[in-house]
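Examining the three-dimensional arrangement
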Amino acid sequence: MCGIVGYVGNRDAANIIISGLRRLEYRGYDSAGVALSPEGENTLKVVKRAGKIVNLEAGVQKELPTSEEPYAGLGIGHTRWATHGQPTEENAHPHLSQNGQFAVVHNGIIDNYAGLKEKLIADGYTFKSETDTEVIAHLIEACYDGDLRGAVARAVETLEGTYGICVISSLHPKLMIAARKGSPIVIGVCKGETIVASDVSAIVSHTDQVIFMDDGDILTATPDTLDITSLKNVPVSRPPTTIDWDLGEIEKGGYEHFMLKEIYEQPVALANATRGRLVPKEGSVKLSGMQMDAYEMARIDRVSIAACGTSLYAGMVGKNFFEEFASIPTEIQQAAEFRDRNPIVLRDTCMLAISQSGETADTLAAVREATRKGATVLGVCNVVGSTIARETGRGVYLHAGPEIGVASTKAFTCQVSVMAMMAIAMGRTRRLSEHAGQAMVEELARIPELAQRVIDRNDEIKAMAEKYASKNDFFYIGRGYMFPAALEGALKLKEISYIHAEGYHAAELKHGPIALLCDDVPVVAAAPMIPGREKTIANMQECRARKSPVVAIATEGDSEIKTHADDVIWVPDCMEFVSPIPVVVAEQLFAYHVARARGCEIDQPRNLAKSVTVE
Ligand code: F6R
């Protein structure tokens with residue numbers, strides 16, 4: 001979703017901001033812009049362009065004077081993912097106030113912008129864009145009395161909704177202000193300069209020391225000082241966190257796309273997700289982040305999982321774990337639905353919020369609702385220091401490393417592994433025996449190898465994907481653990497190749513969707529050697545009887561399945577509970593190669609954003 005970068009210091013703000021915005025490209029955007037405050041000029045220079053950052057860069061080169069000296073040491077930049085109004089130059093951020101002296105970039109949505117706009121128009125302000133953000137620029141101007149921090153604080157106090165903003169003014173050529181409520185702002189702490197961004201990826205090349213702003217914080221930064229206060233100007237102490245990402249992790253490292261790199265990283269990511277957490281001798285696991293003793297775990301009488309998209313499908317796999325290994329009734333809900341339908345939260349409910357980014361607005365809203373209703377809420381997040389991770393205060397990090405490709409890959413397999421470990425931990429306080437726990441822990445130690453064995457078949461999967469790449473409709477089917485795998489396979493294919501793909505429970509196909517099957521509609525059937533395989537084979541036969549080509553995802557050595565499928569993607573033999581991992585890795589590679597064969601923009605698919613911070 002939208003990205004923010006701000007800089008105050010003595011280096012060239014335009015360069016730093018544009019390279020920071022490039023690091024945020026993966027989040028998805030459709031226009032970009034910068035506002036710079038050139039020293040001694042008493043004016044703000046704004047350059048904006050619809051489309052990609054290359055357009056903005058060309059615009060900056062054209063419109064700024066060329067000189068050896070930095071043009072400005074203060075500036076803000078933005079990549080916009082359209083919400084209010086089309087992705088045009090006028091609607092791109094930064095937005096200027098009426099007198100042109102204040103510029104603002106904004107992530108989030110202002111719910112009461114229409115009312116504020118009406119009032120501002122009545123007071124003589126004119127609007128150049130259709131955005132909700134422009135009201136913030138005018139409000140800051142209206143509140144300004146010589147103190148920029150105070151004006152921003154007073155302006156944001158009138159806002160309802162969410163914001164992460166960064167503000168500069170031509171009246172204060174060495175001052176940058178940022179504020180947040182609901183949309184992340186991270187401060188990079190450097191000597192002689194401050195960089196802020198909506199995401200650490202834009203900062204890691206400058207420093208590994210960052211401060212995550214909290215809701216209600218206001219940052220006042222000059223090249224030499226950095227102060228955080230509350231809206232009421234009370235100093236707030238936020239110690240820096242050390243980020244352990246290195247630059248290589250957020251670069252492609254020779255791969256054609258981030259998505260492929262991240263698929264290939266899964267053996268390492270899975271090893272990191274389980275490292276130091278498996279205790280084979282006790283048939284158990286150690287997850288200190290859950291901050292729960294055996295007594296507290298044993299008291300949980302219901303698990304409630306809230307998540308969106310790929311994380312939701314990982315959660316569906318997790319539901320099986322908690323019910324099967326820990327005998328705890330578990331419900332899984334799309335996070336927005338969790339909040340919208342006013343859920344019943346019982347006293348001993350443990351809610352799991354599953355989110356790679358830790359910033360998904362719907363999941364965050366579910367976390368807040370469950371917390372309000374007294375549930376114990378645990379985060380299962382990848383991004384350290386993200387809002388969900390901080391608000392839940394406890395949970396389990398994935399340690400998958402940064403996921404830059406918009407289509408989630410390594411997060412899914414690590415989420416599944418982490419939930420398996422959580423279920424084992426809970427199960428061991430209940431009826432899961434040491435012996436059964438040991439077998440499971442040993443299997444979890446094998447998952448990096450399972451993922452690697454699928455990746456080793458990349459060339460076979462690629463050839464198969466190319467064979468089917470011209471099709472325009474697909475079905476994915478599966479049962480039990482393979483049902484969420486089918487949903488995830490279909491999601492991967494549709495989001496990066498734009499092929500219409502539907503994931504269905506294999507048994508549900510004949511209750512309607514079978515009407516759509518024909519020789520032009522392939523069916524991908526997830527049918528490894530686990531319970532449900534025979535029935536899925538029967539469903540595959542039904543599909544073939546309607547002339548649909550069937551691609552089976554099956555266990556190596558399953559010679560019978562070859563007779564029921566047109567093509568087979570082989571995955572290694574494993575215990576049922578980890579089977580979604582190799583199957584989904586195979587589906588990721590299949591979707592990737594289909595999209596590549598169709599010439600799609602894989603890392604930044606149209607209309608998609610990496611983290612969805614609006615509800
Ligand atoms: C699909 C995808 C999305 C996300 C969803 C939730 O490939 O990436 O469906 O899974 O937006 O995001 P997180 O996990 O960050 O909460």
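Residues numbered from 1 in each chain as written. Predicted model: local features only at pLDDT ≥ 70, side-chain atom pairs only at ≥ 80, totals over all residues. Heavy atoms only, no water.

Our next topic: the domain arrangement of the chain. Domains assigned within the chain are domain 1 (3-243), domain 2 (251-445) and domain 3 (455-602). Distance from the C-alpha centre of domain 1 to the C-alpha centre of domain 2: 34 Å. Facing eight residues of domain 1, the contacting portion of domain 2 comprises 11 residues. In total, domain 1 and domain 2 occlude about 800 Å² of area from one another, counting both sides; carbon and sulfur atoms represent 50% of this. Counting the contacts that link domain 1 with domain 2 gives two salt bridges. For arginine 390, the salt bridge identified is with aspartate 214, shortest N-O distance 3.5 Å. Counting every contact that joins domain 1 to domain 2 gives two residue pairs in polar contact (both at pLDDT 80 or more). Among the residues forming the side of domain 1 that touches domain 2, the class breakdown is four nonpolar, no polar and four charged. (Domains from an automatic or database assignment. Contact = heavy atoms within 4.5 Å. Buried area = accessible area lost by both parts, 1.4 Å probe. Salt bridge = Lys/Arg side-chain N within 4 Å of Asp/Glu carboxyl O. Polar contact = N/O pair within 3.5 Å; in protein donor to acceptor, adjacent residues only side chain to side chain. Nonpolar A, V, L, I, M, F, W, Y, C, P; charged D, E, K, R; others polar.)

Let's shift gears to the environment of threonine 242. Residue position: threonine 242 is located in strand S14 (residues 241-242). Setting aside its immediate chain neighbours within four residues, threonine 242 contacts Asp208 and Gln209. A distance of 3.0 Å separates a polar atom in the side chain of threonine 242 from a polar atom in the side chain of glutamine 209. (Helix = DSSP H or I, 4+ residues; strand = E, 2+ residues; numbered from the N terminus.)

Further remarks concern the site of the ligand. Taken together, 14 residues are adjacent to the ligand, and Ser311, Ser355, Ser357, Thr360 and Glu495 come closest. One nitrogen or oxygen atom from the main chain of glutamine 356 is found 2.7 Å from an oxygen atom belonging to the ligand. Glutamate 495 is positioned with one of its side-chain polar atoms (N or O) 2.5 Å from an oxygen atom of the ligand. A majority-of-atoms criterion places the ligand in the largest pocket. Among the secondary structure elements, those contributing two or more residues to the shell around the ligand are helix H9 (309-326) and helix H16 (482-497). Each residue belonging to the shell around the ligand can be placed in one class, and the counts come to four nonpolar, eight polar and two charged. (Near = heavy atom within 4 Å. 1 Å grid on protein atoms, 1.4 Å probe; cavity = no way out; pocket = protein on both sides within 12 Å on 5 of 7 lines; lining within 4 Å. Sits in = over half its atoms within 2 Å of the grid points.)

What follows covers the layout of surface pockets. The calculated volume of the largest pocket comes to roughly 570 Å³. If you go around the largest pocket, you meet 28 residues; those closest to its centre are Cys308, Gly309, Thr310, Lys610 and Val612. Within the residue set of the lining of the largest pocket, elements represented by two or more residues are H9, strand S19 (349-355), helix H11 (361-372) and H16. Its residues assigned to classes, the lining of the largest pocket shows 11 nonpolar, 12 polar and five charged. A domain-level breakdown of the lining of the largest pocket finds at least three residues from each of domain 2 (251-445) and domain 3 (455-602). (Points joined across faces, edges and corners; volume = space filled by probe spheres on them.)

Before going further, it helps to examine the packing of H16 against helix H19 (residues 580-597). Viewed as axis vectors pointing N to C, H16 and H19 meet at an angle of 20 degrees, and their least axial separation amounts to 9 Å. Considered as vectors, H16 and H19 are oriented roughly parallel to each other. By crossing handedness, the relation of H16 to H19 is classed as right-handed. Residues Met482, Ala485, Ala486, Glu488, Gly489, Lys492, Leu493, Ile496 and Ser497 of H16 form the contact with H19, whose participating residues are Pro580, Val583, Val584, Glu587, Gln588, Ala591, Tyr592, Val594 and Ala595. Along the lines of polarity and charge, the residues of the contact of H16 with H19 split into 12 nonpolar, three polar and three charged. (Axes fitted to C-alpha atoms, helices over the stretch in contact; angles between N-to-C directions. Parallel < 35°, antiparallel > 145°, perpendicular 65-115°, else oblique. Left-handed = near helix turned anticlockwise from the far one by under 90°.)

This brings us to the packing of aromatic side chains. Geometrically, a pair of aromatic rings is defined through the distance of the ring centres and the angle of the planes. All told, the structure shown has nine aromatic pairs when counted by the stated rule. Ring centres of phenylalanine 321 and phenylalanine 325 lie 5.6 Å apart, and the angle between their planes is 15 degrees; this geometry places the pair in the stacked category. Of the two residues, phenylalanine 321 and phenylalanine 325 are both situated in helix H9; the distance of four residues between them amounts to about one turn of the helix. Given a relative accessible area of 0%, phenylalanine 321 falls into the buried group. Judged by centre distance (5.5 Å) and plane angle (90 degrees), the ring pair of phenylalanine 325 and phenylalanine 577 falls under edge-to-face. Note that phenylalanine 325 is positioned in helix H9 and phenylalanine 577 in the loop between strand S26 (567-571) and H19, a separation of 252 residues in sequence. Residue classification places phenylalanine 325 among the buried positions, given a relative accessible area of 8%. By relative accessible area, which is 4% here, phenylalanine 577 ends up buried. Aromatic rings pair up to connect Phe321, Phe325, Tyr481 and Phe577 into one cluster. The positively charged end of lysine 52 is found above the aromatic ring belonging to tyrosine 29, 4.6 Å away from the centroid. Over the ring of phenylalanine 127 we find lysine 117, and its NZ or CZ is 5.0 Å from the ring centre. (Phe/Tyr/Trp six-rings, centres within 6.5 Å; stacked < 30°, edge-to-face > 60°. Buried < 20%, exposed > 50% of the residue type's maximum accessible area, 1.4 Å probe, protein only. Lys NZ or Arg CZ within 6 Å of the ring centre and 35° of its normal.)

Mapped onto the elements, arginine 546 comes out in the loop between helix H17 (533-545) and strand S25 (550-555). By relative accessible area, arginine 546 is classed as partly exposed at 39%. Residues arginine 546 and cysteine 518, spaced 28 residues apart in sequence, show a C-alpha to C-alpha distance of 5.6 Å. Once you skip the residues sitting within four places of it in the chain, arginine 546 turns out to touch Ile514, Leu517, Cys518 and Asp519.

What follows concerns helix H13 (residues 410-427). Here H13 spans 25 Å end to end across 18 residues, near enough to the 26 Å set by a 1.5 Å rise per residue. For H13, a buried count of 18 out of 18 residues is recorded, marking the element as mostly surrounded by other parts of the structure. (Expected span 1.5 Å × (residues − 1).)

Before going further, it helps to spend a moment on the sheet that holds strand S8 (residues 176-181). Reading across the sheet, the six strands line up as S5-S6-S7-S8-S12-S13 and stay open at both edges, with antiparallel pairing between neighbours. Each having just a single partner strand, strand S5 (95-96) and strand S13 (226-230) make up the two edges of the open sheet. Taken together, the two bridges between S5 and strand S6 (residues 102-107) define a ladder with antiparallel strand orientation. Residue histidine 95 lies in a different strand from S6, and its bridge partner there is valine 104. Its contacts with the sheet put helix H5 (residues 148-157) on S6, strand S7 (163-169), S8, strand S12 (217-221) and S13, and the angle it makes with S7 is roughly 145 degrees. (Pairing = 2+ DSSP bridges.)

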